[in-house]
Amino acid sequence: MSNDNQPELVTVYVDDREVQVPPGTNMIEAAAKIGVEVPHYCYHPKLSVVGNCRMCMVEMGMPEKDRATGQPVLDDEGNQKIMWMPKPAIACATKAMPGIRIKTDSELTRSCQEGVMEFLLVNHPLDCPICDQAGECRLQEFATDYGRGYSRFVEEKNVKPKRTVLGPRVMLDDERCILCSRCIRFCQEVADDDVLGFVDRGSYTTLTCYPGKQLENNYSLNTVDICPVGALTSMDFRFRMRAWFLKETHSICTESSVGANTVVGSREGTIYRITPRRNDQVNDTWMADSGRERYKQVEAKNRLLHPRVDGAETADPEAAVAAASRLLQGGKGIAFVGSGRCSVEEQYLFRKLADQVGAKSRALVSRVSEGDGLLISADRNPNVRGALVTGLIDELPGRELSALATGIDSGELDTVVVYNEDLTAAGMTAEQLDKITVIYLGTHANPTSDRSQVALPTLTVFEKNGSFINQQYRLQKFFQAVPGPAGAPGDLRTLAGLLAGNGLQGHPGIDDVWEEMSEAIPAFSGLRFMKIPSGGLPLEVPSRLRDLPYAEGKTLHYEPAGGEPAAV
Amino acid sequence: MALVIQRKPLSWLEKTYLPQILGGLKITLKHLFAPKVTLQYPEERPVIPENYRGVPTLVKDPNGREKCVSCQLCEFVCPPKAIRIWPGEIPENTETSHVEKAPDDFEIDMLRCIYCGLCQEVCPEEAIFLQDTFSVTGYTRDEFKFRKEKLYELGGTLPDRHYKWDKKKEAARRGNAH
Ligand code: SF4
Ligand code: SF4
Ligand code: SF4
Ligand code: SF4
Ligand code: FES
């Protein structure tokens, strides 16, 4: 936290421990700062405070002041006298004031927590064995931590709708809902799609969707994440795997140049879900629904699992790399088409290979379309900035690969190396591709790989380590969650093999690449892969890149430097 | 320091070996007339005590409902990781659709199982029990991987004390009083 524009900190006391927080911080956050948990349901750091669950009640006191003089009142021993309030207060709606004190573990606090827990559980179904939230459920956790441990409720529990489909991706179980209204506030305040609300009263209050509407915006699954219980569940993840089996790997969403921070949940080499990871500078605690489906590409039918040479699969990646190297050596005019979906490391090695074989043209496939102003930017390539910083390209990719097309038509280019892109989708015709030699590196088969002389399988973002540079020039890293297909040795190794085949020995490890990059690229000087913080690292923008006409408009935590770009 | 045990020389009677032979014959004769203890296994089977921990099995309730809801707690708790569950959803508009979840498939590797009984202990639905099957044989490793069907066959039906899901269905049928 920088102190330049930060106002004075105030001192508050949590369980007699001193905490310094900015004024306006609520007491849940103040306590969290020293690792004390105030249990809460309705409060969410990125939503407005409503104070309706009452779980966060604590005993609270203020330093006593003389009414007439405003002087602090001292007790017999000369210490500040504290006025403890006779009734508990909710910590989420209590702002830090100088000298304010809370007790999170006093008898009064404990009895409040126990009472609230008891009320919350009165109508709660015994659903944990079939509830997807089990294992990461705040109700389960707080019931064990703060509940009384047994039920005194002998009456019949309420019956509410179950298995309600709220939208294409979200299912609701009303019996489990504890009416915290987080999901409602999310739809109002973040997604700007006000479709959820409560109907009926008292213990019959029921969460429902506005008649005739659906919870179908592209951020709907965030309600599942923030629902503290298992009331809202993801239809994709529902009943597929228990949360406690999932290995969590930090990753970056490749939906667009926003680079939302994510957690990939996998078990034994299979990915089950992608959830957002909090980063207050990038995506807060949200991510788009579309990004969560990306794991499906890992096991897609058209996945390239083995290298192909002249259309025939081979089991030997080395031989395929050697074949590609021979083609590169025989090429008279070679063009390189890189991808904004590749990591910084791959783009760097790709550029190095292009330099090494004397490529006549280097290009990147543009993926500009409309942004949604929230967490999907106009540039759907996650890493165009990486290609700029590593020098793979010098200016933003054009809408079409016109230089490449002209080069092929004039016969000047006879070989093209394509990295994870489909040239036909980027505007080239099949005839143009048939005229040249194509070397394809990529994760999936496509019309370009079908026309290639050598196709080398590469890994998806879930199967390797690497980094992206997002629209804010923030360098963010992702880690391998699952192993890649046996026939794909890894992008960096394949590229190092191609470099070696063209007379440039090197080491394929990511640390070796960073060691090299930190010397070759000023923006990375002194950096290593391991040194990139988990929340990302804002880079110094090289001056040559400062005034490029970037495609992105305003999104969460991003303002385009030169105002809104022209519409696409 | 070496310890030297002095052997007592045998007495005259002991040297004849007769007392030992007669003692042995007495035992033999006693068992000749005592009731038989040998069990003609496998035709005869031992009585298995109530709390015996045999092969883990899946059970149904007296209404024939499969009790396991594939919560995967047993899979989690099993120390040698013998259990593997493929969770599934019960389709709507069936007799038990209110239970929502049931295993698509269930596998226990009996070569891995150590008969610890933790799965029975942890099961929130009282669906898995170590019962009286103690002898598992087979020629290949795969034969020891008991799938759902086999586990239900071994488990059979056990009495239910709660009928939790039936009560739940009944409550839903009555609906709220308001
Ligand atoms: S919401 Fe939590 S407490 Fe309720 S059934 Fe689901 S896991 Fe259990
Ligand atoms: S569905 Fe979940 S988030 Fe929404 S009000 Fe109920 S408990 Fe809260
Ligand atoms: S008895 Fe023990 S080892 Fe065997 S399946 Fe159950 S938990 Fe696993
Ligand atoms: S613990 Fe019981 S209900 Fe859960 S999966 Fe195992 S047998 Fe089924
Ligand atoms: S978190 Fe404070 S009232 Fe809900």
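Please read these numbers as outputs of a predicted model, since none were measured by experiment.

Conventions used here
Residues numbered from 1 in each chain as written. Chains lettered and ligands numbered in written order. Predicted model: local features only at pLDDT ≥ 70, side-chain atom pairs only at ≥ 80, totals over all residues. Heavy atoms only, no water. Near = heavy atom within 4 Å. Nonpolar A, V, L, I, M, F, W, Y, C, P; charged D, E, K, R; others polar. Contact = heavy atoms within 4.5 Å. Buried area = accessible area lost by both parts, 1.4 Å probe. Salt bridge = Lys/Arg side-chain N within 4 Å of Asp/Glu carboxyl O. Polar contact = N/O pair within 3.5 Å; in protein donor to acceptor, adjacent residues only side chain to side chain. Helix = DSSP H or I, 4+ residues; strand = E, 2+ residues; numbered from the N terminus. Buried < 20%, exposed > 50% of the residue type's maximum accessible area, 1.4 Å probe, protein only.

Draft legend 1. Molecular detail of the site of ligand 1. Every residue near ligand 1 is listed here: A:His124, A:Asp127, A:Cys128, A:Cys131, A:Ala134, A:Cys137, A:Leu139, A:Gln140, A:Arg176, A:Val229 and A:Gly230. Partitioning the shell around ligand 1 into residue classes produces six nonpolar, three polar and two charged.

Draft legend 2. Region of interest: the interface of chain A and chain B. At the junction of the two partners, chain A supplies 23 residues and chain B supplies 27 residues. Counting each side, the surface lost to burial between chain A and chain B is near 2200 Å², with a carbon and sulfur contribution of 51%. Our enumeration of links across chain A and chain B arrives at seven salt bridges. Between the two partners, chain A and chain B, sit ten residue pairs in polar contact (both at pLDDT 80 or more). Of the residues assigned to the side of chain A that touches chain B, the class counts are ten nonpolar, one polar and twelve charged.

Draft legend 3. Seen up close, the side chain of A:Thr104. Residue and element names in this part refer to chain A. On the secondary structure map, threonine 104 appears in the loop between strand 6 (101-103) and helix 2 (107-122). On the accessibility criterion, threonine 104 (9% relative accessible area) is buried. Excluding residues within four positions of it along the chain, threonine 104 makes contact with Val14, Asp15, Val36, Val38, Val58, Thr109 and Gln113.

Draft legend 4. Layout of the site of ligand 2. Contacts to ligand 2 come from 14 residues, most closely from A:Cys177, A:Cys180, A:Ser181, A:Cys183 and A:Cys227. Residue composition of the shell around ligand 2, by class: twelve nonpolar, one polar and one charged.

Draft legend 5. Spatial organisation of the pattern of salt bridges. Counted under the stated rule, the structure contains 53 salt bridges over all chains. Ionic pairing is found between B:Glu75 and B:Arg84, a salt bridge with its closest N-O pair at 3.6 Å. Measuring nitrogen to oxygen at the nearest pair gives 3.5 Å for the salt bridge that ties B:Arg174 to B:Glu170. Linking B:Arg174 with B:Glu170, this pair stays in helix 6 (residues 164-174), spanning four residues, or about one helical turn. A relative accessible area of 44% means that B:Arg174 is categorised as partly exposed. One network of salt bridges, in which partners are shared, links A:Asp127, A:Lys162, A:Asp173, A:Glu175, A:Arg176 and B:Lys168.

Everything listed is a geometric property; what it means functionally is a separate question.
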